[in-house]
Amino acid sequence: GPAGPAATHMRGALALALVLWFVTRGLAVLALSDVFFFGEELEKGAVGVLLGAWAAGDLGLPWASLAYHPYEGGGFFASHVKALAFALVGEGVLAHKLCALGWGALVIAAAHRFARRHLGPGAAAWLAMLLVFAPLHVQRESLLHLGIHYEALLFTFLVLDLGLTLARRRSEAAGAAP
């Protein structure tokens, strides 16, 4: 990767975006904005509780049958994250919001990495800030830990980054061939 002042600038832009993310979303949570007790978020939490019982051997169901929506891999993954959060901080709103804050930070980091590698450092900084200061509806969605909708951007940026990286390597290898 890049070294020197350019690398410092890129890390600084990402760090600033992450600080602003935690400040803006943290204030929204503390202000009791409209992001509490959303049914779909709580259903992922219920699966998280079931996963804890399943891991303890107290549930006679196959692991794959615990998904609330069998077509929703991101939501099932989010339920696993919630199960871990419940084990660490207890079953409550705090666990839900810590998961949303953490996942949102991962979305910003993945978006920044994707844009930096394929579009340049300026685009990376802009994209990170656009995610922080997104329209109100997007901000609300970013505080609901569902593993889908806004949070699906994590998987999107990771797949796009991997796909473009592999395409670039293949193209470079083809150009280097005799």
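Only a predicted model underlies this, so the values are computations on that prediction, with no experimental measurement involved. (Residues numbered from 1 in each chain as written. Predicted model: local features only at pLDDT ≥ 70, side-chain atom pairs only at ≥ 80, totals over all residues. Heavy atoms only, no water.)

### Details of the side chain of Arg25
Among the secondary structure elements, Arg25 is positioned in helix α1 (residues 5-30). The side chain of Arg25 sits in the buried core without any salt bridge; Glu151 is the nearest counter-charge, 10 Å away. Excluding residues within four positions of it along the chain, Arg25 makes contact with Leu101, Leu131, Val132, Gln139, Ser142 and Leu143. (Helix = DSSP H or I, 4+ residues; strand = E, 2+ residues; numbered from the N terminus. Buried < 20%, exposed > 50% of the residue type's maximum accessible area, 1.4 Å probe, protein only. Lys, Arg positive; Asp, Glu negative; His and termini not counted. Salt bridge = Lys/Arg side-chain N within 4 Å of Asp/Glu carboxyl O. Contact = heavy atoms within 4.5 Å.)

### Focus: the packing of aromatic side chains
Applying the stated criterion across every chain, the model contains five aromatic pairs. Measuring from ring centre to ring centre gives 6.2 Å for Phe77 and Phe155, while their planes differ by 80°; the resulting arrangement is edge-to-face. On the criterion of sequence distance, the pair formed by Phe77 in helix α3 (residues 73-89) and Phe155 in helix α7 (residues 152-176) is long-range, its members being 78 residues apart. Residue class for Phe77 comes out partly exposed when judged on its relative accessible area of 44%. On the basis of an interplanar angle of 40° and a centroid distance of 5.8 Å, the ring pair of Phe114 and Phe157 is categorised as tilted. A residue pair is termed long-range when its members are at least 10 positions apart, and Phe114 in helix α4 (residues 93-118) and Phe157 in helix α7 qualify at 43 residues. Each member of the pair Phe114 and Phe157 is classed as buried. Aromatic ring contacts, followed pair by pair, group Phe77, Trp103 and Phe155 into a single cluster. (Phe/Tyr/Trp six-rings, centres within 6.5 Å; stacked < 30°, edge-to-face > 60°.)

### Quick notes on the nonpolar core
By size, the foremost hydrophobic cluster in this structure holds 22 residues, and its most contacted members are Trp21, Val107, Ile108 and Leu131. Going through the elements one at a time, α1, α4, α5 (121-132) and α7 are the ones with two or more residues in this core. It is α4 that provides the largest number of residues to this core, a total of nine residues. Filtering out sequence-adjacent residues up to four positions away, Ile108 remains in contact with Leu14, Ala17, Leu18, Trp21, Ala128, Leu131 and Val132. Listed in part, the six residues of the second largest apolar core include Leu51, Leu66, Ala67 and Phe76. (Core = buried A, V, L, I, M, F, W, Y, C linked by side-chain atoms within 4.5 Å.)

### Notes on the pattern of salt bridges
By the definition in use, this model includes three salt bridges. A salt bridge links Arg117 to Asp161; the nearest nitrogen and oxygen atoms lie 3.0 Å apart. On the criterion of sequence distance, the pair formed by Arg117 in helix α4 and Asp161 in helix α7 is long-range, its members being 44 residues apart. The class for Arg117 is partly exposed, based on a relative accessible area of 28%.

### Section: the packing of α4 against α5
Running from N to C, α4 and α5 cross one another at 155°; their axes reach a closest spacing of 8 Å. Judged on the interaxial angle alone, α5 and α4 are roughly antiparallel. The way α4 lies across α5 gives a crossing that is right-handed. Judged by residue contacts, Val107, Ile108, Ala111, His112, Ala115 and Arg116 of α4 engage Ala123, Ala124, Ala125, Leu127, Ala128, Leu131 and Val132 from α5. (Axes fitted to C-alpha atoms, helices over the stretch in contact; angles between N-to-C directions. Parallel < 35°, antiparallel > 145°, perpendicular 65-115°, else oblique. Left-handed = near helix turned anticlockwise from the far one by under 90°.)

### A short note on α3
Look at α3: 24 Å from first C-alpha to last across 17 residues, which is about the 24 Å you get at 1.5 Å a residue. If you check which residues of α3 are buried, you get Gly74, Gly75, Phe76, Ala78, Ser79, Lys82, Ala83, Ala85 and Phe86. (Expected span 1.5 Å × (residues − 1).)

### Notes on a nonpolar patch on the surface
Nonpolar side chains collect at one region of the surface, where Leu84, Leu88, Val89, Leu94 and Leu98 lie side by side and expose about 490 Å² of accessible area between them. Sorting the residues of the nonpolar patch by element identifies α3 and α4 as the ones contributing at least two each. Top contributing element to the nonpolar patch by residue count: α3, with three residues. Along the chain, Val89 turns up in helix α3. (Patch = residues over 30% accessible without salt bridge, like charges linked within 9 Å, V, L, I, M, F, W, Y side chains within 5 Å. Areas by Shrake-Rupley, 256 points an atom, 1.4 Å probe, with all protein chains shown as cover.)

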